[in-house]
Amino acid sequence: MANSLGRTFRDIGLNEGNNGKGIRLQGKISLACKVCHVRAVSTRNYQTTLLFLKVFVMKALHQDSEGVRRSYDLTVPPIVRFGSGRIAEVGSIATVLGNRIWLVLGKHSFATCVGRESLLDGFHQHGLEFQEVAHSCGEPTVQQLAKAVRSLPLDRENVVVVAVGGGSTIDFGKALSALATNIDPDTDESAEEMILDRLEGVGRGIPIDTPPLPFVAVPTTAGTGAEATRNAVLSCPKRRFKKSLRSTLMVPRAVVLDPSLIGSCNRNVIAASGIDCLTQLIESFICRSRWSVPRALVLDAFPDAMTALPSLLKNPLDKAAQSSLVHAAFISGVSLGNSGLGLAHGVAAAIGVECGASHGLACAALLPVALRVNQKIAENDLARLNQLLGGEVLPAPDGAQQLVERVIELCRFAGTPTRLSEFGLKRNRIPWVAEHSGGNSMRGNPVQLSLTELVQQLESIF
Ligand SMILES: [Fe+2]
C-alpha cells in the first residue's frame, strides 16, 4: 500500500511479520514500523490495522497527510556561552538581567571550583552586589526548597539568581527562582503544600504562571543537562516520590558552559554524570517523540561523548575531553527536554526514591537493560549511532548489537554499578519499583512493557 508520500510501508520499514499479514497475538494484529518504532495493535482485520498504522506513521514522520512537516515546539535557553574561561562573563550577562546576584551553590563544589575567582571578579567589575542565598545538598527535596524560599530576602527587585554547581544545584536554583515569584508562604508547612500543589501529578496542579526571577545556570559537572531544561526534579522523602516542577518559563535565561570547571570533579562524579549524559543522548534519540532538531544535535554530540568519557576518566584535566563532554551534556539536556527519555530514566527515579541511589549511577545500571529491551525495535537508530563511532559499517541488527556492547564496555570501564542489589535494593521491593516507574520517561520508551515484563527485566539485573 502506498502512502501519500508515494512510498510503500515496506519502503519506510514496515515490519509485516513472518506471514506478511502482521504479527497475530492473542487475537490481535500487531504491525510496527522499523523506522519510527510506531506500533499499531488492533482486534480488527489486517487492512484496518494497516490504516491505523498509516496515521501513526505519518505523525511519527512529523508530516501531515499531505506530506507537510508537522508543527513542533523547541525550547532552548536564549543565551548560551560555551568555552573555557567563560565563567568570567557571568557578570556581564547578569547586568542585562538585573543588578543584584543571588548565588545558589553546591555545598562543597564552589569552594574548590576553579572558576570561583573569575566569577566574583566579573561581579566586581560590573558593580554587581552578590550574596549566597542557598546551598544545595544532594538532590533537592521539597522540604529543602520550602525552607530556602522562606529564608529568601524580601527585596527581590532587580535580582538575578545564579546557580553554580552540578545538576542538583542547577535544579535547586531553577526551582527557587520560580517559587520566589509564584508562592508567598507564611510557614515552612504552607511552603511545602504550595510546592506540592505545583509538582506534576502530585497536588492540585497549579501552574507556574508568573515569570521566575531571571535564572543563570553555570554547571560544574558534565552530565545532567539540567542547564538546558524547563523542569526541576524534586524528591519528597516524606511521601516517597520524585516529581518535576515544570514550566516553559523555567528554562534558564542564560547558560554559561565553561569546560574548565569540570576539572574539579573526582572520578566518581565524572563517571556518574558522564553515563547519565550518554543515557540521555541515547534515550532521547530513540524515544517515541524523536523530534528532528534534537536528533540532529545528538548525532553531532554522541560520538564525541563516547570518546571523551573514557579519556576524562583517565585524565580529568584532558581539555579536549572536557569540552566534548560539557557540550554533549548540554545537548543531552536540549534533547531530553524537547523529545523525552525512556526506561532507564523512568526506573532510575523509582530506584532513587526506594534506596537513595544517585541518579547517574542508577542510569548506569539500567542503561544496558533499556538498550536490550529496545534493541530490536530501535535497531536502525542504534546502528546509526554505532556507525558514528567508526569501524566497519554493519547492518542494523549487528550494528545495534555492537553499540550495546560498546556501551556496556564503557560502563565497565567507568566502574559504575551493574546490579540493582548494589544500591541496597531488596529483591522483594522490585515489584514496588516497577509499579512506581511511571511518568513521562516511561511513556516515551519505544517498547511499552507490562508490569510483569518490567519486573522480569529488573529481576535479571538484581
Ligand atoms: Fe538523567
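Note that the coordinates shown come from a computational prediction; the quantities given were computed from them, not determined experimentally.

Visitor: Talk me through helix H10 (residues 319-338); I want residue IDs and the actual numbers.
Guide: The end-to-end C-alpha distance of H10, which contains 20 residues, comes to 29 Å, matching closely the 28 Å that a straight helix rising 1.5 Å per residue would cover. Counting buried positions along H10 yields 18 of 20 residues, so the element is predominantly enclosed. Just downstream of H10 lies Gly-340, where phi reads positive at about 135°.

Visitor: Can you explain the nonpolar core? Please cite residues and give values.
Guide: Within soluble globular proteins, side chains that are nonpolar generally end up buried alongside one another. Ranked by size, the top nonpolar core spans 126 residues in total, and within it Val-162, Leu-176, Val-216, Ala-305 and Leu-325 carry the most contacts. Here this core gets eleven residues from one element, more than from any other, and that element is helix H8 (residues 267-286). Both domains that meet at this core, namely domain 2 (79-262) and domain 3 (267-460), each give it at least three residues. Not counting the four nearest positions on each side in its chain, Val-162 is found in contact with Val-90, Ala-94, Ile-101, Leu-103, Val-216 and Val-218.

Visitor: If you had to explain the sheet that holds strand S6 (residues 100-106) to someone new, which residues and values would you point to?
Guide: As summarised here, the arrangement of the six strands in space is S5-S12-S9-S8-S6-S7, forming an open sheet in which the pairing is parallel. Both edges of this open sheet fall to strand S5 (79-82) and strand S7 (129-136), since each of them pairs with a single strand only. Sheet twist, expressed as the mean angle between neighbouring strand axes with direction ignored, is 20°. When S5 meets strand S12 (residues 254-257), the two strands line up parallel, connected through four bridges. Note on S12: the bridge partner recorded for Arg-81 is Val-256.

Visitor: Account for the confidence of the model for the chain, with residues named and values stated.
Guide: Chain-level pLDDT for the chain is 89 on average; 86% of the residues reach the 70-or-more range. Below pLDDT 50 for its whole length, residues 1-21 participates in 30 contacts with residues either more than four positions away or in separate chains.

Visitor: Talk me through unusual backbone geometry; I want residue IDs and the actual numbers.
Guide: The backbone of Arg-240 shows a phi angle near 55°, a positive value even though the residue is not glycine. Tracing the backbone through its elements, the reader meets Arg-240 in the loop between strand S10 (231-236) and strand S11 (241-246). Since 12 C-beta atoms lie within 10 Å of it, Arg-240 is described here as exposed. A positive phi is found at Arg-290, a non-glycine position, where the angle reads about 35°. Mapping Arg-290 onto the fold places it in the loop between H8 and helix H9 (292-314).

Visitor: How would you summarise the packing of H8 against helix H14 (residues 396-414) if you had to cite specific residues and measurements?
Guide: Where H8 meets H14, the axes come as close as 10 Å, and the angle between the chain directions of the two elements is 165°. Between H8 and H14, the interaxial angle falls into the category roughly antiparallel. Where H8 crosses over H14, the handedness of that crossing is left-handed. Facing Ala-271, Gly-274, Ile-275 and Leu-278 of H8, the residues of H14 in contact are Val-407, Cys-411 and Ala-414. Looking at side-chain class alone, the contact of H8 with H14 contains six nonpolar, one polar and no charged residues.

Cut-off values and rules
Residues numbered from 1 in each chain as written. Predicted model: local features only at pLDDT ≥ 70, side-chain atom pairs only at ≥ 80, totals over all residues. Helix = DSSP H or I, 4+ residues; strand = E, 2+ residues; numbered from the N terminus. Expected span 1.5 Å × (residues − 1). Buried ≥ 20, exposed ≤ 12 C-beta atoms within 10 Å, placed from the backbone. Core = buried A, V, L, I, M, F, W, Y, C linked by C-beta atoms within 7 Å. Domains from an automatic or database assignment. Contact = placed C-beta atoms within 7 Å. Pairing = 2+ DSSP bridges. Axes fitted to C-alpha atoms, helices over the stretch in contact; angles between N-to-C directions. pLDDT = per-residue confidence, 0-100. Parallel < 35°, antiparallel > 145°, perpendicular 65-115°, else oblique. Left-handed = near helix turned anticlockwise from the far one by under 90°. Nonpolar A, V, L, I, M, F, W, Y, C, P; charged D, E, K, R; others polar.

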